[in-house]
Each structure stands twice: as C-alpha cells, then as structure tokens.
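If you want the building blocks of each chain, they are given just below.
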Amino acid sequence: MDATRFRPTWQQALAHGMYLGVLAAAVGLLVTLGALGWTRATPPHWAWPLLAFGPPLAGAVAGVLLRPRLGTAVDAGGIHTMTPFREGVEPWSRVVDLRAERRGGRTVVSVYLESGASVQLRAPYSGEFFAADPQFELKVFALSHLWRSHRFGGVPS
C-alpha cells in the first residue's frame, strides 16, 4: 500500500518561513544595534534594508523549499511524522485515538498513544489567514478513516 501524505499548504509553508525570518531579522537588528552601541560605528546605508528584509525573504523561500520534507505520511506501518531533520513512526497498534484539537491559534491533529502520551502531527493543521487549510476537515476525515481501518479491521482497498 502506498503512503498517503499530508503536507502544509504552500501558503502555510510560506507564512511559517516568513514568520521565522521576521524573528531572525528582529534578533539580527537587535544584535547589530547592540554592537553599534558598544563600538560607536555606523554601518553602510544599504545594510539596514538587507538586515530588515533579507531574513524574511530567505525564510519564505526556505519554507516553500522545505515543504516536501514536512508533514505526515500514513501507510500500513503506521503514522510517520516528518521534519527536515528526523522522522518519527507510531505503529497503528500503539495508536488509541486520533482527534482534531484547538491548540493556540490553530486546529491540529493529535494522536493519542496507549502509553498515555500524545503526538501532534505536523500536518494537516488549520488556523487564521495564511494558516487556513480549506480542506482540513476532509484531511482529518481521511486520517480518521485510515486509523479506524487499520485499528478495527482491514485495510481499505
């Protein structure tokens, strides 16, 4: 059976990358301003726009480029959570529940394990503005169907 994949939408990936880029720009500007306070030097005028707009643009590009390496894959072996740096697997035999829950400003899918622990899936999720996923409910239904099929009987054909 082929794996079913759930990835962030390209808008979600773009927005998440820009968000991380804005944080990096803020830190970079604060560090630069702190260093300038100690040295009393002034950087060239072209450096300020580069410090302010470079990281968000780089983050947006990185978010879109990393999108294929993020998300969730579901196959006969279980639920695989994927990040750019590692992959985690939860076999179907350990999954006791799968729910859509509100966490902060997002609705995410949480997988509850027989050990009592829960794992928040990287995708699908939905939120406001760029984090919205118009097909979120359909994806949650598909995940739920796959879990029930593996847990309570037979793999769907």
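Residues numbered from 1 in each chain as written. Predicted model: local features only at pLDDT ≥ 70, side-chain atom pairs only at ≥ 80, totals over all residues. Heavy atoms only, no water.

Would you mind going over the environment of Ala 52 in detail, with residue names and values included?
Counting through the fold element by element, Ala 52 comes out in helix H2 (residues 47-66). Take Ala 52: its relative accessible area is 25%, and that puts it in the partly exposed class. The sequence separation of Ala 52 and Tyr 125 amounts to 73 residues, and the corresponding C-alpha distance is 29 Å. Filtering out sequence-adjacent residues up to four positions away, Ala 52 remains in contact with Ala 25 and Leu 29. (Helix = DSSP H or I, 4+ residues; strand = E, 2+ residues; numbered from the N terminus. Buried < 20%, exposed > 50% of the residue type's maximum accessible area, 1.4 Å probe, protein only. Contact = heavy atoms within 4.5 Å.)

Which residues make up the confidence of the model for the protein, and what values go with them?
Within the protein, residue pLDDT values average 87, and 97% of them lie at 70 or more. Here strand E4 (residues 87-90) stands out as the element of the protein with the lowest mean pLDDT, 85, in contrast to strand E6 (residues 106-113), whose mean of 92 is the highest. (pLDDT = per-residue confidence, 0-100.)

How would you explain the nonpolar core if you had to name every residue and give the values?
Counting 16 residues, the largest nonpolar core has Val 74, Ile 79, Leu 98, Val 109, Val 111, Leu 121 and Leu 143 as its most contacted members. The set of elements that each furnish at least two residues to this core consists of strand E5 (95-103), E6, strand E7 (118-126) and helix H3 (136-152). With 5 residues, H3 is the largest single contributor of residues to this core. With residues near it in sequence (within four places) discarded, Val 111 still touches Ile 79, Val 95, Asp 97, Leu 98, Ala 117, Ser 118, Val 119 and Leu 121. (Core = buried A, V, L, I, M, F, W, Y, C linked by side-chain atoms within 4.5 Å.)

I'd love a proper account of helix H1 (residues 10-39), names of residues and values included.
Taking 1.5 Å as the rise per residue, H1 with 30 residues should run 44 Å; its terminal C-alpha atoms sit 43 Å apart, in good agreement. Along H1, the residues that are buried comprise Gln 12, Ala 13, Gly 17, Gly 21, Ala 25, Thr 32 and Leu 36. The elements touched by buried residues of H1 are H2 and E7. Note on H1: the residue one or two positions beyond its end, Arg 40, has a positive phi of about 65°. (Expected span 1.5 Å × (residues − 1).)

Give a detailed account of the sheet that holds E5, specifying residues and quantitative values.
The strands making up a sheet associate through backbone hydrogen bonding, with each pair oriented either parallel or antiparallel. Pairing is antiparallel across the open sheet formed by 3 strands, whose spatial order is E5-E6-E7. Strand pairing shows two members of the sheet lacking a second neighbour, E5 and E7, which therefore form its edges. The average undirected angle you get between the axes of adjacent strands in this sheet is 25°. Pairing of E5 with E6, which is carried by 8 bridges, proceeds in the antiparallel orientation. Directly across from Asp 97, in E6, lies its bridge partner Tyr 112. Sheet strands in contact with H3 are E5, E6 and E7, and its direction is about 165° off that of E5. (Pairing = 2+ DSSP bridges. Axes fitted to C-alpha atoms, helices over the stretch in contact; angles between N-to-C directions.)

Account for the environment of Glu 90, with residues named and values stated.
Summarising the element assignment, Glu 90 is placed in strand E4. In this structure Glu 90 comes out as buried when scored by relative accessible area, which is 17%. A sequence separation of 22 residues divides Glu 90 from Tyr 112, and the C-alpha atoms of the two residues are 10.0 Å apart. Setting aside chain neighbours within four positions, we find Glu 90 in contact with Gly 77, Gly 78, Ile 79, Val 95, Leu 113 and Val 119. Polar side-chain contacts of Glu 90 include one of 3.2 Å to the side chain of Arg 94. (Polar contact = N/O pair within 3.5 Å; in protein donor to acceptor, adjacent residues only side chain to side chain.)

Break down the sheet that holds strand E3 (residues 78-82) for me, citing the residues and quoting the values.
One open sheet accounts for 4 strands, arranged E1-E2-E3-E4; its pairing is antiparallel. Taken across any chain shown, the strands that pair with only one partner, and hence form the sheet edges, are strand E1 (4-6) and E4. Going across the sheet, the axis of each strand differs from the next one's by a mean of 20°, ignoring polarity. Note: E3 against E4, 4 bridges, orientation antiparallel. Bridge assignment links His 80 to a residue of E4, and that residue is Val 89. Against the sheet, H3 touches E1 and strand E2 (71-75), its axis set at about 140° to E1.

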